[in-house]
Amino acid sequence: METGLATKTVVITGAASGIGRAAALVFAREGANLALIDIDADSLRETAEEAGPEVRSATATSDLSTGAGVTDGLTEALAPFGGRADVLVNNVGVALPRGLDALSDADWDATLQLNFFSYVRAIRHVIPSMRAQGSGAIVNVASDLGYQPAPHTLDYSISKTAILSLTKALARGEGPSVRVNAVAPGPVWTPLWTRAGGLAQALGASGMSPREAVERAVAAQLPLARLATPLEIANVIVFLASDLASYVTGSVWGVDGGGVRSL
């Protein structure tokens, strides 16, 4: 099927690993130009290299938890493409296992600055050119926890609920020329889980390995009985950004293995 993404310029935040890297590689296979942003310079370079030398790509190392970081990162990454974007994938984020009593005001602010306000700022950066050209697609990476918040990832869950609301509101405000959608993944085996101090380590305290603990917890809740791969989320992101989803806006696509039970 023809996606219409060839030669389109795609901005991806948090592109150094996990879902962001997988999305970059799928967009590259569709012939898109890549503007990749992350704070991890070495892993970001690996993403660009893996996309292949035939792909036009630019990278920018930037801290997206600040307004200046978003502006500087997008400006640098988009400079080779005339400063304009056809697609924005808001993907950057952080999740730490902690509940209400462990969260200070500074913790709440840090999570919301990266997980939510970076999305708002990135959209503000690209939306003028999308409006001017009369087309554009924005895909926000949310989470199933945006629907069913968890007490052990309280700040993360609430930041993802905010992304769902942002997506719905902007879809109404920016149509008909700009489409705005979200994906809501369930658990995905990415550095969000695997890094030291991550969610898998928190679950693995019972004597099982982190992977065993996660798989056992997931198997008890999900019809598909496993974690997703980053590629499985990336495929849906690329679909929503493509011409194949030309009549899709204001939607939240659950890629959660059946974990969300609500209608």
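Look above for the structure.
Structural notes, computed from the coordinates. (Residues numbered from 1 in each chain as written. Predicted model: local features only at pLDDT ≥ 70, side-chain atom pairs only at ≥ 80, totals over all residues. Heavy atoms only, no water.)

As a further point, take the overall build of the chain. Secondary structure summary: the chain contains nine helices and seven strands in total. For the chain, whose C-alpha radius of gyration is 18 Å, the value lies close to the compact-globule estimate of 18 Å for 263 residues. With respect to the principal axes defined by its C-alpha atoms, the chain has extents near 55 × 40 × 35 Å. Split into buried and exposed, the 263 residues of the chain put 52% on the buried side. Long-range pairs, those at least 24 residues apart, make up 70% of the contacts in the chain with a sequence separation of at least 6. Accessible surface, the chain as shown: approximately 11700 Å² in total, 56% of it carbon and sulfur. Side-chain charges of the chain comprise 19 positive and 25 negative groups, with the mean position of each set lying 6 Å from the other. (Helix = DSSP H or I, 4+ residues; strand = E, 2+ residues; numbered from the N terminus. Rg over C-alpha atoms; globule rule 2.2 N^0.38 Å. Buried < 20%, exposed > 50% of the residue type's maximum accessible area, 1.4 Å probe, protein only. Contact = heavy atoms within 4.5 Å. Areas by Shrake-Rupley, 256 points an atom, 1.4 Å probe, with all protein chains shown as cover. Lys, Arg positive; Asp, Glu negative; His and termini not counted. Charge placed at Lys NZ, Arg CZ, Asp CG, Glu CD.)

When you tally the buried positions in strand β5 (residues 136–141), you get six out of six residues, the bulk of the element. Where burial is concerned, the two faces of β5 agree: the one with Gly136, Ile138 and Asn140 and the one with Ala137, Val139 and Val141 are both buried. Across four bridges, the pairing between strand β4 (residues 87–90) and β5 is parallel. Directly across from leucine 88, in β5, lies its bridge partner isoleucine 138. You can see the chain leave β4, run along helix α4 (residues 105–133) and come back into β5, and the turn it takes is right-handed. (Pairing = 2+ DSSP bridges. Right-handed = clockwise from strand over helix to strand, strands pointing away.)

Moving on: the packing of aromatic side chains. Within the structure shown, the criterion is met by two aromatic pairs. For the pair phenylalanine 116 and phenylalanine 117, a centre-to-centre distance of 5.2 Å together with 70 degrees between the ring planes defines the contact as edge-to-face. Judged by relative accessible area, which is 16%, phenylalanine 116 ranks as buried. (Phe/Tyr/Trp six-rings, centres within 6.5 Å; stacked < 30°, edge-to-face > 60°.)

What follows concerns the sheet that holds strand β6 (residues 178–185). One open sheet accounts for seven strands, arranged β3-β2-β1-β4-β5-β6-β7; its pairing is parallel. Edge positions in the open sheet fall to β3 (57–61) and β7 (252–255), since each of these has one partner strand only. Between one strand and the next, the sheet's axes are offset by a mean angle of 15 degrees, whatever the strand orientation. As defined by bridge partners, β6 adjoins β7 across four bridges and the pair is classed as parallel. Along β7, the bridge assignment pairs proline 185 with valine 255. Sheet contacts for helix α3 (residues 67–78): β1 (9–13), β2 (33–38) and β3; angle to β2, the most-contacted strand, approximately 150 degrees. (Axes fitted to C-alpha atoms, helices over the stretch in contact; angles between N-to-C directions.)

Taken residue by residue, helix α2 (residues 41–51) has Ser43, Leu44, Thr47, Ala48 and Ala51 as its buried positions. The arc that holds every buried residue of α2, seen down its axis, measures 145 degrees, which confines them to one face. On its buried side, α2 packs onto α1 (18–29), β2 and β3. Once α2 ends, the next one or two residues include glycine 52, with phi positive near 110 degrees. (Arc of directions from axis to C-beta.)

Below, the discussion takes up the nonpolar core. Of all hydrophobic cores here, the largest spans 72 residues; its most connected members are Ile12, Phe27 and Ile237. Considering each element in turn, this core owes the most residues, nine residues, to α4. (Core = buried A, V, L, I, M, F, W, Y, C linked by side-chain atoms within 4.5 Å.)

Assignment of secondary structure puts aspartate 42 in helix α2. What makes aspartate 42 partly exposed here is its relative accessible area of 47%. Residues aspartate 42 and alanine 16 lie 26 residues apart in sequence; the distance between their C-alpha atoms is 8.1 Å. Polar side-chain contacts of aspartate 42 include one of 2.9 Å to the side chain of arginine 45. (Polar contact = N/O pair within 3.5 Å; in protein donor to acceptor, adjacent residues only side chain to side chain.)

Here the focus is the pairing of β4. Across the two faces of β4 the burial is the same, with Val87 and Val89 and Leu88 and Asn90 all buried. Strand direction decides the pairing type here: β1 and β4, joined by three bridges, are parallel. Residue valine 10 lies in a different strand from β4, and its bridge partner there is valine 87.

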